[in-house]
Each structure stands twice: as C-alpha cells, then as structure tokens.
Amino acid sequence: MIVVNDVHKRYQTPHGAGRWILKGVTLTIPTQVSVGLVGRNGAGKSTLLNLIGGVDTPTRGSVERRCRVSWPMGYGGGLQGSLTGRQNAKFVSRLHGFGGAETMAEKIAYIEDFAELGSSFDEPVRTYSSGMKSRLQFGLSLAFDFDVYISDEATSAGDASFRKKAADAFKRVADRSGLIMVAHSEGTLRQFCQAGIWLNEGQAHWFDDIEDALKNYRDSISIA
Amino acid sequence: MDSAQPSGAPLAPRNTFSVTLAVWNALFLREAVARLSATRGAWVLIVLEPVLHACFMLLLYTVLRTRSVAGADVAVWLVLGLTGYFTVQNVFQRAMGAVDANKALFAYRQVRPIDTVIVRAGLEALLGLVILVVLLIVLAFFGHSIVPDAPMESILAFIGLMACALGIGLLLSVISELIPEAGNLTVFLFRPLYFLSGAIFPLSAISIQYREWAFYNPFAHGLELLRSSFFPVYHAAPEANFKYLFGFAAVSIFLGLALQMRFARKLRAQ
C-alpha cells in the first residue's frame, strides 16, 4: 500500500519558486492494483511518479511506501554512461541487496538474457542507442521483485519485437504485483491497467475503472 | 511476498543500515572501476604522478647536495610529503565532483548525494595509502630505512589528513553544486596549498613570525606530523599538533554534513 498524503509540489526555477504542480494530492494506492496515470502534458504525472518512487521529495505533505516499490522505470536515468551494461547491472544488483556472488550471477544472467544486447552488454552504456538503453532498463527493473512497479513510458521504447516481449513480461508483472504507469497511448493503458488516476489542475481523481479516468481526461482536453 | 520469484529475494524490507552498506559497496566498486579502468593505463598514471614528482624533486635536492632535510632522509621525507599531499588533494577534489558524476544514479532512491561523496573520498584515501606503501617499499629496496619510528602516530596523522580532506570535500561538494563557478574557483585557489602544506620544503624553514599563519592550514599539521612520526631525529615545526588536525577535521566534517543535509533535495535535483 502506498499512502500519498496531502502532497504539494513545486520546483525551484532560476527565477524563484515555480508554479504549484501538485496542490494537495491525497491517494491510497493498494498494492495489487494496476493503475494508469492520465492527464495533459505538464499535469504532474512524472512528478507524481517520482514522488511515489522516492526519487524526489514533496514540497509539503508526505508519501509513505508500505511495500517494496521499484524505481521509476524508463526514467531515462539510472544508467551510468561510463560503465558497461554488465557493470550497471551489477551496480543495481548490489544496491538491492544481491551482492552475493551466486544471487548476483543469477540476476545478471536474467538481465543479459532479457535485454538481448549481445556483445554490447560489455560496452559502455554511453555508446547505446535509446532503444538499447530501454532494453537494458527494462531487463534491470524486471530482474528484481517489487510489490509495486512504477513505469514512466517504459513500454513505448524499443523495436517491434522487443515491444512485444516487453509487453508480455509487463503483463505478467501486472498480474502478479501492482503497477503504476504513465503512458500516452490509451491502448497501452487499457492493456495493463484496471484503475485510473486523472491528474487535473494539481488535483488527483481516483477511478476504479480506467475507462472513467480516460473519459474524464478526454473531456478535459476537448473543452480546452 | 511472492514465492514464484527467482530465489534470493529478501523477504522483509531491509533496515536503513544494511541499505546504506549495500549502497556504499555498490558505489565503491562502481567508482573504483571508473577510476582504474576509465582510460587505458589509468592506474599507471595514478601511480606515476607522485613517482615522477618525487623523482624530479629528489633530483633537485640531490643536485643541491642535500642528503637530509631537518634531520630526515630526504627521499623518504619527499615521498611522505608528496604522496600525502596528492592524496589529500585527490580526496577533496574528487569528492567535490562526486555528486555531479553520479547524478544518473539518483534515479534509485537508495542512493543519496552524500553517499557518493563519502565513498569517493574513501576510495581516494585507500588509493593514496596503497601508493604510499608501494613507494616506501620501493625506497626500501634502494636501502632507505622506511620503518616509522612511531607507527601509531603515522596512522593517526594519515587518518587526520584524510578526515580534514573529507570535511573540505563535503563542503566543496555542496558549494560547487549550488554555485558551479565557486567550484572552478576553489581548484585555482587551492593550488598554493601544495606549497603551504610543506610538500616540498620543511615548514620549520619559515621564519617564526609567518609560521603561525602557515599552521592555520590543517594539512601543514598533518604532513609535518606524518613526517615526524617516521624519523627518530626530525626537527619538526613545533606548531604541528594533533589537536588542531582533529579539531579541524571534526568541525569541517560537521559543517559539511550539515550542508549536505540542508541541501539534500537540491543536490538530488536532476
């Protein structure tokens, strides 16, 4: 269970404090539910994901993670360019408590197998294309066991064959654990999510059915 | 927890201490790999810099027909001063860049900016110690006496030096992130420390009315103490003392940690 309590967020800009992006978001997200996050550009979807993932801290309010939550996948970050794919994988394994030789080898083997990078797995990540990076990131996040996975457009990268593989793996994850995702394609959201959160003007609205969230979102952009 | 997962999944959330240990372990190995294999022969350069420096200074000193400085064997004296100073410099300069170099890894909430600074400082201190020991052993092959006269004091002096460098590194890591220009400026401002710490000349040679100024610099204390711990007969500058060295370390580390805490959110910002 993730408890988001009266979260306000604004960013510091070079010209002082920016506008309030989240204005008092209060949510309780159960562990076993797959939730899609919808809202127009700049509504604060990625901001909310980062807050839930603990990568950023709210300006006011609190986020409580009462379960194991992944880092925001497809975040773009999380890979050190100067290190090889394998070294990055080792780093993340150690970080998550799999530093032992055997358990780590198991994780690395899984990641290497999933990412299908071939010999590039031992090349520095800065030489990767964006598709290769997302293959690695996807493999990384699926190698570890979380109660809730956070995905920020993680499914949209890669070529057709990888997208298929990623979607299948994602579906299995969604069946087994919770999922909080941002995606701009409605098809993706329908495919993976049951519930929805609609972010509008700094407020979050929970819907038990993703269709209702999408409907509200569509209505809001057709008016504007 | 789901039992269908690959084996080895921790059953309960880890406590903060074990998370921090895991982070330090992962960061340490990541930093070590980057430092030692970033370019071809990176590790050769790391060793070669102080060696060449020491050889050059040794040549100067011996051409001037000096075999001893203030009662000490000049070769050992130079190696202690130069490697000691370079280690200090590496610790605070590399610590300064630690936050920026690891920005990508803040995507994992377990990694905090302060971890990167502490781990980098630790790695540099360890590298410095290894180089120092290797160089001393090389000197031993040439017939120099390298066994410290007061080993406990040598250890304390080295720890004190590293602690001061960590404190300054912590401070600089925050300052240079908040004000990037200040970072560039400090590299330039800290250059004279090479001389002011007495890496290549005995501080006891400074006339007494200026010496007290020189000893506001904690590294002057540290290097002088390190040297005097090695030689049974060494005319160290009397101002050097452990009290100032560890006092400076405690204050600078405290201030550095306070700044890191105060600006933790800002340092993390992508």
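All values reported here derive from a predicted model rather than from experimental measurement.

1. What about the overall build of chain A?
Link 1 in the chain: Helix and strand content of chain A: 7 helices and 9 strands.
Link 2 in the chain: Over its C-alpha trace chain A gives a radius of gyration of 18 Å, about what one expects of a compact globule, namely 17 Å for 224 residues.
Link 3 in the chain: Each of the three principal axes of chain A carries a C-alpha extent, and together these read 50 × 35 × 30 Å.
Link 4 in the chain: Residue burial in chain A is summarised as follows: out of 224 residues, 49% are buried.
Link 5 in the chain: Sequence-distant contacts in chain A: of pairs separated by 6 or more residues, those separated by 24 or more amount to 65%.

2. Focus: the interface of chain A and chain B
Link 1 in the chain: Across the contact, 27 residues belong to chain A and 25 residues belong to chain B.
Link 2 in the chain: When residues of the side of chain A that touches chain B are assigned to their parent elements, the largest contribution, 4 residues, is made by helix α2 (residues 85–95) of chain A.
Link 3 in the chain: A per-class count over the side of chain A that touches chain B returns 10 nonpolar, 12 polar and 5 charged.

3. Structural notes on the sheet that holds strand β5 (residues 69–73) of chain A
All names here are of chain A.
Link 1 in the chain: Judged by pairing direction, the sheet is mixed, and its 6 strands sit side by side in the order β5-β6-β7-β3-β8-β9 without closing on themselves. Of all strands in the sheet, those bounded by a partner on one side alone are β5 and β9 (203–207). This sheet shows a mean twist of 15° between the axes of neighbouring strands, independent of strand direction.
Link 2 in the chain: Inspection of the sheet shows strand β3 (residues 34–38) paired to strand β7 (residues 178–182) by 4 bridges, in the parallel sense. Among the inter-strand pairings, L37 is bridged to a residue of β7, identified as V182.
Link 3 in the chain: Docked against the sheet, helix α1 (residues 45–53) engages β3, β5, β6 (148–152), β7 and β8 (195–200), running at close to 145° with respect to β5.

4. Examining the sheet that holds strand β1 (residues 2–13) of chain A
Residue and element names in this part refer to chain A.
Link 1 in the chain: Strands sit in the order β2-β1-β4 across an open sheet of 3 strands; the sheet is antiparallel. Unpaired on one side and paired on the other, β2 (16–29) and β4 (60–65) mark the two borders of the sheet. Pairs of neighbouring strands in the sheet enclose a mean axial angle of 30°, with direction left out of account.
Link 2 in the chain: With 9 bridges joining them, β1 and β2 adopt antiparallel strand pairing. Of the residues in β2, the one forming a bridge with K9 is L22.
Link 3 in the chain: Of the strands in this sheet, β1, β2 and β4 touch α1, which is tilted by about 120° from β1.

5. Regarding the pairing of β7(A)
Regular strands place their side chains on alternate faces of the sheet.
Residue and element names in this part refer to chain A.
Link 1 in the chain: Of all the 5 residues making up β7, 5 are buried; the element is thus mostly covered by neighbouring parts of the structure.
Link 2 in the chain: Alignment of β6 against β7, held across 5 bridges, turns out to be parallel. Along β7, the bridge assignment pairs D152 with V182.

6. Observations regarding the nonpolar core
Link 1 in the chain: Formed by 134 residues in total, the largest nonpolar core has its most connected members in L37(A), I52(A), I180(A), A95(B) and A165(B).
Link 2 in the chain: Element by element, the count of residues in this core is highest for helix α3 (residues 74–96) of chain B, at 14 residues.
Link 3 in the chain: Setting aside residues up to four positions removed in sequence, I180(A) forms contacts with I29(A), V35(A), L37(A), L49(A), I52(A), V148(A) and I150(A).

7. A short note on helix α2 (residues 42–63) of chain B
Link 1 in the chain: With 22 residues, α2(B) ought to run about 32 Å at 1.5 Å a step, and its terminal C-alpha atoms sit 32 Å apart, in line with that.
Link 2 in the chain: Its maximal kink placed at L48(B), α2(B) deviates by approximately 30°, while the proline P50(B) follows within four residues.

8. Comments concerning the packing of helix α3 (residues 101–115) of chain A against helix α4 (residues 130–142) of chain A
Residues and elements named next belong to chain A.
Link 1 in the chain: Contact pair α3 / α4: the axes reach a minimum separation of 8 Å and the direction vectors enclose 140°. Of the possible angle classes, the one that applies to α3 and α4 is oblique. Considering how the two elements wind past one another, α3 and α4 form a crossing that is right-handed. Note on element contacts: α4 touches α3 through R135, L136, G139, L140 and L142, opposite I111, F114 and A115.
Link 2 in the chain: Of the residues that constitute the contact of α3 with α4, the class distribution is 6 nonpolar, 1 polar and 1 charged.

9. What to know about the confidence of the model for chain B
All names here are of chain B.
Link 1 in the chain: Of all residues in chain B, 94% attain a pLDDT of 70 or more, and the chain-wide mean is 87.
Link 2 in the chain: Looking across chain B, the model is least confident in strand β1 (residues 68–69), with a mean pLDDT of 74, and most confident in helix α11 (residues 242–262), with 96.
Link 3 in the chain: In the model, residues 1–11 has pLDDT below 50 throughout and makes 13 contacts with residues more than four positions away in sequence or in other chains.
Link 4 in the chain: Under the prediction, the complex receives an ipTM of 0.84, its pTM being 0.87.

10. Remarks on the environment of E124(B)
Residue and element names in this part refer to chain B.
Link 1 in the chain: Mapped onto the fold, E124 is located in helix α5 (residues 113–141).
Link 2 in the chain: Each C-alpha atom, one on E124 and one on N90, is 6.3 Å from the other, the two residues being 34 residues apart in sequence.
Link 3 in the chain: Discounting chain neighbours no more than four positions away, the residues touching E124 are T87, N90, V91 and R94.

11. A few points about the pairing of β8(A)
Residues and elements named next belong to chain A.
Link 1 in the chain: As paired elements, β3 and β8 share 4 bridges and run parallel to each other. When the sheet's bridge partners are listed, G36 is paired in β8 with G196.
Link 2 in the chain: Across 5 bridges, the pairing between β8 and β9 is antiparallel. Paired with W198 across the two strands is H205, which belongs to β9.
Link 3 in the chain: Following β8, the chain reverses through 2 residues before pairing antiparallel with β9; E201 in that reversal takes a positive phi of roughly 50°.

What counts, and at which threshold
Residues numbered from 1 in each chain as written. Chains lettered and ligands numbered in written order. Predicted model: local features only at pLDDT ≥ 70, side-chain atom pairs only at ≥ 80, totals over all residues. Helix = DSSP H or I, 4+ residues; strand = E, 2+ residues; numbered from the N terminus. Rg over C-alpha atoms; globule rule 2.2 N^0.38 Å. Buried ≥ 20, exposed ≤ 12 C-beta atoms within 10 Å, placed from the backbone. Contact = placed C-beta atoms within 7 Å. Nonpolar A, V, L, I, M, F, W, Y, C, P; charged D, E, K, R; others polar. Pairing = 2+ DSSP bridges. Axes fitted to C-alpha atoms, helices over the stretch in contact; angles between N-to-C directions. Core = buried A, V, L, I, M, F, W, Y, C linked by C-beta atoms within 7 Å. Expected span 1.5 Å × (residues − 1). Bend = angle between axes of the 7 residues up to and from the residue. Parallel < 35°, antiparallel > 145°, perpendicular 65-115°, else oblique. Left-handed = near helix turned anticlockwise from the far one by under 90°. pLDDT = per-residue confidence, 0-100.

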